[in-house]
Amino acid sequence: MANGKKSADNPRRPGTGSAHPVPVTQVPSEPAIRVLVVDDHTVVRDGLSVIIDQEAGLKVVAQAANGRQAVDLWNEHRPDITLMDLQMPLLNGVDAIREIRTAHPVARIIVLTTFDGDEDIYRALRAGAKSYLLKDVRRDELFHCIREVHAGKYFLPPEVAAKLAGRQPAVELTARELEVLRLLSEGKSNKAVGAQLSIAEVTVKSHVRAVFSKLNVLSRTEAIAVANRTGLLHT
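Here is what the cut-offs are and how they apply
- Residues numbered from 1 in each chain as written.
- Predicted model: local features only at pLDDT ≥ 70, side-chain atom pairs only at ≥ 80, totals over all residues.
- Heavy atoms only, no water.
- Helix = DSSP H or I, 4+ residues; strand = E, 2+ residues; numbered from the N terminus.
- Buried < 20%, exposed > 50% of the residue type's maximum accessible area, 1.4 Å probe, protein only.
- Polar contact = N/O pair within 3.5 Å; in protein donor to acceptor, adjacent residues only side chain to side chain.
- Pairing = 2+ DSSP bridges.
- Axes fitted to C-alpha atoms, helices over the stretch in contact; angles between N-to-C directions.
- Contact = heavy atoms within 4.5 Å.
- Right-handed = clockwise from strand over helix to strand, strands pointing away.
- Parallel < 35°, antiparallel > 145°, perpendicular 65-115°, else oblique.
- Nonpolar A, V, L, I, M, F, W, Y, C, P; charged D, E, K, R; others polar.
- Salt bridge = Lys/Arg side-chain N within 4 Å of Asp/Glu carboxyl O.

This part takes up the environment of Glu 179. Looking at the secondary structure, you find Glu 179 in helix 7 (residues 175-185). Of the residues examined, Glu 179 reaches a relative accessible area of 33% and is grouped as partly exposed. For the pair formed by Glu 179 and Leu 197, sequence separation is 18 residues and the distance between their alpha carbons is 8.4 Å.

Further remarks concern the side chain of Ser 49. Following the sequence through the fold, Ser 49 ends up in helix 1 (residues 42-54). The class of Ser 49 is buried, set by a relative accessible area of 7%. Within polar-contact distance, the side chain of Ser 49 engages the backbone oxygen of Arg 45 at 2.8 Å.

A sheet is described by the order of its strands in space; here five strands give the open sequence 2-1-3-4-5, paired in parallel fashion. Taken across any chain shown, the strands that pair with only one partner, and hence form the sheet edges, are strand 2 (58-64) and strand 5 (131-134). Within the sheet, the average angular offset between the axes of one strand and its neighbour, ignoring direction, is 25°. Sheet analysis places strand 1 (residues 33-38) next to strand 2, joined by six bridges and oriented parallel. Note that in strand 2 the partner of Val 35 across the bridge is Val 60. Contacts between helix 2 (residues 67-77) and the sheet are confined to strand 1, strand 2 and strand 3 (81-84), with strand 2 contributing the most and set at about 135° to the helix.

Next up on the list: the pairing of strand 1. Counting buried positions along strand 1 gives five out of six residues, so the element sits mostly inside the fold. Between the parallel pair strand 1 and strand 2, the chain is carried across by helix 1, and the sense of this crossover is right-handed. Relative to strand 3, strand 1 runs parallel, the two sharing four bridges. Each residue of the ladder has a partner; that of Val 37, found in strand 3, is Leu 83.

Let us look at the pairing of strand 5. Residues Ser 131 and Leu 133 line one face of strand 5 and the alternating positions Tyr 132 and Leu 134 line the opposite face, and both faces are buried. Alignment of strand 4 (residues 109-113) against strand 5, held across four bridges, turns out to be parallel. Each residue of the ladder has a partner; that of Val 111, found in strand 5, is Tyr 132.

The subject of this paragraph is the packing of helix 8 (residues 190-197) against helix 9 (residues 201-215). Two numbers describe how helix 8 lies on helix 9: the axes approach to 8 Å, and their chain directions differ by 110°. The angle between helix 8 and helix 9 falls in the class roughly perpendicular. Here Asn 190, Lys 191, Val 193 and Gly 194 of helix 8 lie close against helix 9, whose contacting residues are Glu 201, Val 204, Lys 205 and Val 208. In terms of residue class, the contact of helix 8 with helix 9 is made up of three nonpolar, two polar and three charged.

Moving on to the pattern of salt bridges. Scanning the model with the defined rule gives 10 salt bridges in all. One salt bridge in this structure joins Arg 147 and Glu 55, with 3.1 Å as the shortest N-O distance. Of this pair, Arg 147 sits in helix 5 (residues 139-150) while Glu 55 sits in the loop between helix 1 and strand 2, placing them 92 residues apart in sequence. On the basis of relative accessible area, Arg 147 is assigned to the partly exposed category, the value being 33%. Of the charged contacts, one joins Arg 126 and Glu 222 as a salt bridge, the two residues approaching to 3.5 Å between their closest N and O atoms. On the criterion of sequence distance, the pair formed by Arg 126 in helix 4 (residues 118-127) and Glu 222 in helix 10 (residues 220-230) is long-range, its members being 96 residues apart.

Here it is, written out as structure tokens:
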């Protein structure tokens, strides 16, 4: 072989060439859903915190022992989800929900309690809760609820929706009102509903007010619960 020439039988050894290594692209993981746990019983708070922290994608950022502390810690941590008990000292759960939601309408709050009376459910949802769970809820259902509410949806177990709907008289909605209600149940905003139906946002708001009035509710959560229980969304 002539000097200065490289033989095809002697390929370049790995690591000695001039080619740059191909960088490995790392896909960033989704940030964990940050949870505030509110309950006046220490063992409940600690137990919930343990199981939530064990679930991938969820993280407890603070615990509150009463409603007043819940409001303060919400303002401090701005959690993605709040699990709120109802009967607590200093400030009860309903009033805490109302205070948080009045100042921060984007707050996503899930009631987690032992009280299953229709009036308890009614008052909590009117205050702005996005879901209402009982403390005997299965772990997987709790995690599912947290993720659904975090995604902007509403979550009411059938037995809770049944109690709430039992307070409502039979109603009839127009075809357009039903369309709007169906889209609201999918978590869509008024603007998104208007875009999908090709109507103005102010018109959507008018339909929403009409739905609320006919169903005798004050929130989307209540409206969707009543509609599901009475079969309005299945027509």
